[in-house]
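# Overview (structure and organization)
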Amino acid sequence: MKLPKHVALTSVALAGALALTACGSDNNSGEGDTGSDTGSSVSGTLNGEGSSAQKNAIDEAIASFSANNPDATVNYNATGSGDGVKNFIAKQVDFAGSDSALKDEAVDGVVETDQAAERCAGNPAWNLPLVAGPIAIAYNLPGVEGLTLDPTVLSEVMLGKIKNWNDPKIAALNEGVELPSTAISVFFRSDESGTTDNFQKYLSGSAPEAWTAEPSKVWPGTAGEGRTKSDGVAQGVKNVEGGITYVEWSYATDNQLGVAQIDNGAGAVELTGESAGKALAAAEVAGEGNDLKLSLDYATKEAGTYPIVMVTYEIVCSKGLDADKTTLVKSFLKHFASDETQGTLEEAGFAPIPAEIATKVNTAIDAIS
Amino acid sequence: MSTLTQDTVSPAPASPIDKPNTMRAVKDKLATVAVYTAFLIAVIPLVWILYTVISKGAGALLNPEWWTNSQRGITARTVGGGAYHAIIGTLIQAAITAVIAVPIGVFTAIYLVEYGRGKLARAVSFMVDILTGVPSIVAALFIYTLWVTTFGFERVAFAVCLALVLLMIPVVVRSTEEMLKLVPNELREASYALGVPKWKTIMKVVLPTAFSGIVTGVLLGLARVMGETAPLLILGPPSKAINMNPFEGFMAALPTMINGERDQVVQAAYDRYWGAALTLIILVMALNIAGRLISRFNKVSR
């Protein structure tokens, strides 16, 4: 008889699988199973998708949130802002992460804000700025630290009009620094990217004569070499002496690249959490009510302000999610916006959102129902 | 005609056996060298891949947490956590895929070998051929249009399984078909001669005889779909927590775990994605070994 043998084998396999399923653990906090210290922990699953620029920030927030709420799971899938918004509108995820706020003008006959309102059962979706990431101008020039650039020279470098590092225009900004004659190798993002969009917004906002291209997610320059993703451009600069690129701060520090200081007219400013935070503090709310779409002053001449920052939003329904999800969304966003969480973001290469905006964000989160 | 051939053949040629033919010896050596070189070239990438993955991924696997914990609450830059969520996700998806694809595949093969004659059988066989050629991304997009666009469901692990089923069915059909064809016709005829009906012959004689081969084919098909990434990217957003429910929420899998950390440069993430790669290889290898063992046991009992 053969059958019993097959049955035996199968049951061994099944038993093994069952044994395996029984011993897994989601608890990585190193404490016991009762890791909650807040007392008011929530449960359920929340799914988000979108911008890869804020991935490292939201991962930090999710990590600390999961430690406080052992029964709640937040997933964030970093597929890019465009996909995030698309899947939010298609009801595939509960919130979207995006480098740019929902557009209220028609693109190809559809208005994003209207589509989002439809997804939220007729209620508007809100853009909540929760992560602020400075964009670093990362370069690879051994021996040159604290390189200074201004928006005009930066535009010309990125467009390939300035070809060598010892060009008089760069030298004029860096007195006392010995610049090598190395050729400049520009690296840009070949994929559509929110970073590209925001960097161009800065250039055209601060040096409109030098940067004439209309800002978009696509890099308009032809000089240099395109690479995909933040990691790609950072690696490019790391491997090529004389390389320069624009990239989220964390990628520049993780790859140990030089980060240029920016002179917007009031002296060279080094990129720190504080100097980037100042640019954000000066940001104005362009949205209505609790829709906290921000507009940044890229040409700011305020001393000690690092002007190249991008704000990434969480896009959520103001109303219209079911009750459990609403509680979870509110509780997660509250945690994300809290001083404690924002304080941990600098380590990961982000700037905390300034107190004034944080207050508004908190008001908005409270108003979600 | 006959005289002509007679003429050309009749003068006995100088026998090659009389004196050693150096050309032959040279040809023999050349062929041997060529075969061994080809073998070595084929082995190089295999050994290289195994060496790279083991040397970079073994570190992560040595930590017992790797097999028991998920990545919940772990960020790319912190060390710790495990791949339990992804391992269990991959296994669950593979199991569901097998449960759906194996009966369909085996029954199709039985039809093609035992019953199928004429146009319908040719059409089915042709369709299976076409299905074999469907790239995984196309299968995934097809299920996406069906599951998400048409029905408006959320992307869940079960949808991934449906796409994997499309990829696995042709593999199972083809391997089972080959195995059933190998079953000697005498066995079937002997069974018929004893008055056993056809369906019972298939159940009791044909299938048990081909059992080990069918199992091996199924396991090879499983090994193939377990490493598929395209359906996961399109239909199965990853999670860092354990999710055992294929019908709700995001579910982790090893390929998406590798892909998710791939663009990170920090050491912790680097160790993890190589670890996940090694884990996937080990899982697939374990399946293959299991296939071998089953077929061996089966042979002994025969």
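Here the structure is a predicted model, which is why all the values come from computation and not from measurement.

## Some points on the sheet that holds strand β7 (residues 148–149) of chain A
Two strands in a sheet stick together by hydrogen bonds in their backbones, pointing the same way (parallel) or opposite ways (antiparallel). Residues and elements named next belong to chain A. Ordered in space as β7-β12-β13, the 3 strands form an open sheet in which the pairing is mixed. Strand pairing shows two members of the sheet lacking a second neighbour, β7 and β13 (268–269), which therefore form its edges. For strand β12 (residues 261–263) and β13, the ladder comprises 2 bridges, and the chain directions are antiparallel. When the sheet's bridge partners are listed, D263 is paired in β13 with A268.

## Here's the deal with the state of the cysteines
Residues and elements named next belong to chain A. This structure, assessed with the given rule, holds 1 disulfide over all chains. Disulfide pairing is shown between C120 and C317; the S-S distance is 1.9 Å. Between C120 and C317 the disulfide shows an S-S torsion of about -75°. By sign, it is left-handed. Placement of the pair is C120 in the loop between α4 (112–119) and β6 (125–139) and C317 in strand β16 (residues 309–317), with a sequence separation of 197 residues. Under the relative-accessibility criterion, C120 is labelled buried at 0%.

## Considering the pattern of salt bridges
Within the structure shown, the criterion is met by 16 salt bridges over all chains. Residue K293(A) is joined to D104(A) by a salt bridge in which the shortest nitrogen-to-oxygen separation is 3.6 Å. With K293(A) in the loop between β14 (284–285) and β15 (294–295) and D104(A) in the loop between β3 (95–98) and β4 (106–107), the pair connects residues that are 189 residues apart, well separated along the chain. On the basis of relative accessible area, D104(A) is assigned to the partly exposed category, the value being 47%. With a shortest N-O distance of 2.8 Å, D129(B) and R174(B) are connected by a salt bridge. Taken together, the residues span a long stretch of sequence, with D129(B) in helix α5 (residues 118–132) and R174(B) in helix α7 (residues 157–182) at a distance of 45 residues.

## Brief notes about the interface of chain A and chain B
Tallying the contact residues gives 41 residues for chain A and 38 residues for chain B. Linking chain A with chain B are 2 salt bridges. Between E49(A) and R155(B) there is a salt bridge whose closest N-O contact spans 2.7 Å. Counting every contact that joins chain A to chain B gives 8 residue pairs in polar contact (both at pLDDT 80 or more). Residue assignment for the side of chain A that touches chain B shows that the elements contributing at least two residues are α1 (3–22), β1 (44–50), α2 (55–68), β2 (72–77), α8 (229–239) and α9 (249–254) of chain A. Broken down by element, the residue count for the side of chain A that touches chain B peaks at 6 residues, all from α2(A). Looking at the side of chain A that touches chain B, its residues break down into 10 nonpolar, 19 polar and 12 charged.

## Section: the domain arrangement of chain A
Many descriptions give the size of an interface as the accessible area lost when the pieces come together. Residues and elements named next belong to chain A. Segmentation of chain A into domains returns domain 1 (5–133 + 284–293 + 312–367) and domain 2 (134–277). Inter-centroid distance (C-alpha atoms) of domain 1 to domain 2 is 31 Å. Contact residues are listed per partner, giving 14 residues for domain 1 and 12 residues for domain 2. Summed over both sides, the interface of domain 1 with domain 2 buries roughly 1000 Å², with 50% coming from carbon and sulfur. Counting the surface domain 1 buries against domain 2, the share from its top three residues, D99, G133 and G349, is 33%. There are 0 salt bridges connecting domain 1 and domain 2. At the junction of domain 1 with domain 2, the criterion picks out 0 residue pairs in polar contact (both at pLDDT 80 or more). Counting only elements with at least two residues in the side of domain 1 that touches domain 2, the list comes to α3 (81–89) and β6. Across the side of domain 1 that touches domain 2, the residue classes break down as 6 nonpolar, 6 polar and 2 charged.

## Digging into α7(B)
Given a rise of 1.5 Å per residue, 26 residues ought to cover 38 Å, and the 37 Å separating the end C-alpha atoms of α7(B) matches this to within 8%. When the local axis directions of α7(B) are compared, the greatest deviation, roughly 30°, occurs at M168(B), which is followed within four positions by the proline P170(B).

## As for the pairing of strand β10 (residues 243–248) of chain A
For a regular strand, side-chain orientation follows a simple rule: the groups alternate between the two sheet faces. Residue and element names in this part refer to chain A. Burial analysis of β10 places 6 of its 6 residues in the buried class, the great majority of the element. Sheet topology note: the β6/β10 ladder contains 5 bridges and is antiparallel. Bridging across to β10, Y139 finds its partner in I244. Relative to β10, strand β8 (residues 185–189) runs parallel, the two being bridged by 2 bridges. Residue pairing in the sheet places V186 in a bridge with I244 of β10.

Thresholds applied
Residues numbered from 1 in each chain as written. Chains lettered and ligands numbered in written order. Predicted model: local features only at pLDDT ≥ 70, side-chain atom pairs only at ≥ 80, totals over all residues. Heavy atoms only, no water. Pairing = 2+ DSSP bridges. Helix = DSSP H or I, 4+ residues; strand = E, 2+ residues; numbered from the N terminus. Disulfide = S-S within 2.5 Å. Buried < 20%, exposed > 50% of the residue type's maximum accessible area, 1.4 Å probe, protein only. Salt bridge = Lys/Arg side-chain N within 4 Å of Asp/Glu carboxyl O. Contact = heavy atoms within 4.5 Å. Polar contact = N/O pair within 3.5 Å; in protein donor to acceptor, adjacent residues only side chain to side chain. Nonpolar A, V, L, I, M, F, W, Y, C, P; charged D, E, K, R; others polar. Domains from an automatic or database assignment. Buried area = accessible area lost by both parts, 1.4 Å probe. Expected span 1.5 Å × (residues − 1). Bend = angle between axes of the 7 residues up to and from the residue.

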